[in-house]
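Letter by letter, the chains look like this.
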Amino acid sequence: MTDAARNQNLQLSDGRSLSFSDTGTGENGTWIHCHGIPGSRNELRHLESALFHAGVRVIVPDRPGYGQSSPCPSYGFSHHSDDLRQLADHLELEDFMLSGFSGGGVFAMAAAHDLGKRIEQLVIAATPAVPLMDNPFDYASELTASTWRAALDDRDALAKELELITGSVDVLLEALIGAAGDQEEHYLSSNSIRPGFTENLSAALEQGSKTAADALARDSFLTAQSWPFSPQDIHLPVRVIHGSGDRLVHIEHQSTLSSNFPDGSPEVISGAHYGALSAIWN
């Protein structure tokens, strides 16, 4: 797969640039994927060979402030859904399947709600259900829970704190691996995974530490606050995947989400947080 295929740009109607990757053949379906927090268009770099052999096409846009997508201070779920609508129109996709990983699963839910019949199927993996739970902070790693709390308390202050880890790919990488637990550390440190994971984070930080920190704080806030949509209003098949050993977002979030979809199907895999990503296209 060429770098040109991985690094495309679309000028949106408001003048912003939306960068995205577009990989795979598509004979077995086309997906738009919503990356995690932090994440980028390179989130699936380590899965490209598997996706190609599976015959699927997957488009991964950078949300504002990540990769080469223009920052957008007022960005919210409605902007996100409209960005995906414009991207799908640009690519001449009448309908498509939608996926999301970790916090990106919340953005995928919002788009599925807003885009309605254009979405054939929704799959989310390792996704938090913060506003749907009475005690969500009890079911996450300290890093994850503290980020959610800080985002809700003071998003701007959180962004300043996050600059300490968004200034270096190595620092960010080690912070995420350290919070994920031993099983995840072994997975992310493997020769087949670490290069792609590093490229994903490198792209997330392309616009500098402040822009990346602002994007991360914004996405954490949107994920943790009360959502302007209800999963109960998403009337299409939804697969809800979660790793049994997920230390970042515990499996209790999966059961909450599954019970809130009219047609939700929970799937538990034996891996941890990041391992759930590869199960989306199985």
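Whatever comes next refers back to the structure up there.
Residues numbered from 1 in each chain as written. Predicted model: local features only at pLDDT ≥ 70, side-chain atom pairs only at ≥ 80, totals over all residues. Heavy atoms only, no water.

**Student:** I would appreciate a short explanation of helix 9 (residues 194-204) in the present structure.
**Tutor:** Residues lying three or four places apart along an α-helix face the same way, a consequence of the helix completing one turn every 3.6 residues. Within helix 9, burial applies to Gly196, Phe197, Asn200, Leu201, Ala203 and Ala204. Projected down its long axis, helix 9 carries its buried residues within an arc of 160°, all on one side. On its buried face, helix 9 is in contact with helix 7 (169-180), helix 8 (182-188) and helix 10 (209-224). (Buried < 20%, exposed > 50% of the residue type's maximum accessible area, 1.4 Å probe, protein only. Helix = DSSP H or I, 4+ residues; strand = E, 2+ residues; numbered from the N terminus. Arc of directions from axis to C-beta. Contact = heavy atoms within 4.5 Å.)

**Student:** What is the right way to read the sheet that holds strand 6 (residues 119-125) from this model?
**Tutor:** Two modes of strand pairing occur in sheets, parallel and antiparallel, and in both the strands are linked by backbone hydrogen bonds. Strand order across the open sheet formed by eight strands is 1-2-4-3-5-6-7-8, with mixed pairing between neighbours. Either end of the sheet is taken by a strand with one partner, and the two such strands are strand 1 (8-11) and strand 8 (264-269). Across the sheet, the mean angle separating the axes of adjacent strands is 25° when strand polarity is ignored. Strand direction decides the pairing type here: strand 3 (residues 30-34) and strand 4 (residues 57-61), joined by three bridges, are parallel. Bridge pairing in strand 4 links Ile32 to Ile59. Relative to strand 3, helix 3 (residues 77-90) is tilted by about 150°, and along the sheet it contacts strand 1, strand 2 (17-24), strand 3, strand 4 and strand 5 (96-101). Its contacts with the sheet put helix 4 (residues 104-115) on strand 3, strand 5 and strand 6, and the angle it makes with strand 5 is roughly 150°. (Pairing = 2+ DSSP bridges. Axes fitted to C-alpha atoms, helices over the stretch in contact; angles between N-to-C directions.)

**Student:** In this structure, what is going on with a negative patch on the surface? I would like to understand it.
**Tutor:** A cluster of acidic side chains, namely Asp153, Asp154, Asp156 and Glu161, defines a negative patch on the protein surface. Checked against the element boundaries, Asp153 lands in helix 5 (residues 142-153). Accessibility expressed as a relative area gives 66% for Asp153, which makes it exposed. (Patch = residues over 30% accessible without salt bridge, like charges linked within 9 Å, V, L, I, M, F, W, Y side chains within 5 Å. Areas by Shrake-Rupley, 256 points an atom, 1.4 Å probe, with all protein chains shown as cover. Salt bridge = Lys/Arg side-chain N within 4 Å of Asp/Glu carboxyl O. Lys, Arg positive; Asp, Glu negative; His and termini not counted. Charge placed at Lys NZ, Arg CZ, Asp CG, Glu CD.)

**Student:** What exactly am I supposed to notice about unusual backbone geometry here?
**Tutor:** Generally, phi is negative for residues other than glycine and the peptide bonds are trans, each holding for most cases. In this chain, Ile37 is followed by Pro38 through a cis amide linkage whose omega measures -5°. Turning to its location among the elements, Pro38 is positioned in the loop between strand 3 and helix 2 (48-54). The residue Glu92 is not glycine, and still its phi comes out positive at about 60°. In this structure, Glu92 sits in the loop between helix 3 and strand 5.

**Student:** Can you walk me through the packing of helix 7 against helix 9 in this structure?
**Tutor:** At their nearest, the axes of helix 7 and helix 9 sit 10 Å apart, and the two run at 120° to each other. Considering the angle they form, helix 7 stands oblique to helix 9. Here helix 7 and helix 9 pass one another in a crossing that is right-handed. Taken together, the residues of helix 9 that come into contact with helix 7 (itself represented by Val169, Leu172, Leu173, Glu174, Leu176 and Ile177) are Arg194, Phe197, Thr198, Leu201 and Ser202. (Parallel < 35°, antiparallel > 145°, perpendicular 65-115°, else oblique. Left-handed = near helix turned anticlockwise from the far one by under 90°.)

**Student:** Honestly, the packing of helix 5 against helix 10 in this entry has me stumped. Any pointers?
**Tutor:** When two helices pack together, their arrangement is given by the angle between the helix axes and by the axis-to-axis distance. As a packed pair, helix 5 and helix 10 sit with axes 8 Å apart at the nearest point and diverge in direction by 90°. The angle between the axes of helix 5 and helix 10 places the two elements in the roughly perpendicular class. Note on element contacts: helix 10 touches helix 5 through Ala217, Ser220, Phe221 and Ala224, opposite Thr147, Trp148, Ala151 and Leu152. Along the lines of polarity and charge, the residues of the contact of helix 5 with helix 10 split into six nonpolar, two polar and no charged. (Nonpolar A, V, L, I, M, F, W, Y, C, P; charged D, E, K, R; others polar.)

**Student:** Looking at this structure, I do not really get the packing of aromatic side chains. What am I missing?
**Tutor:** Here a ring pair, both rings aromatic, is described through the centre-centre distance and the interplanar angle of the planes. According to the stated counting rule, one finds seven aromatic pairs in the structure shown. Ring geometry for Phe77 against Phe229: centres 5.7 Å apart, planes inclined by 85°, an arrangement best described as edge-to-face. In this pair, Phe77 sits in helix 3 while Phe229 sits in the loop between helix 10 and strand 7 (238-243), placing the two residues 152 residues apart along the sequence. The same class applies to Phe77 as to Phe229, namely buried. What links up through ring pairs into an aromatic cluster is the set Phe77, Phe107, Trp227 and Phe229. Across the ring face of Phe107, the terminal group of Arg63 is positioned such that the distance to the ring centre comes to 4.2 Å. (Phe/Tyr/Trp six-rings, centres within 6.5 Å; stacked < 30°, edge-to-face > 60°. Lys NZ or Arg CZ within 6 Å of the ring centre and 35° of its normal.)

**Student:** Would you mind going over the pairing of strand 1 with me for this structure?
**Tutor:** The side chains of a regular strand alternate between both faces of the sheet. Here four bridges tie strand 1 to strand 2, and the two strands are oriented antiparallel to one another. Counted as the bridge partner of Gln11 is Ser17 from strand 2. Remark: five residues form the turn of the hairpin made by strand 1 and strand 2, two consecutive strands paired antiparallel; Gly15 in that turn has positive phi of roughly 95°.

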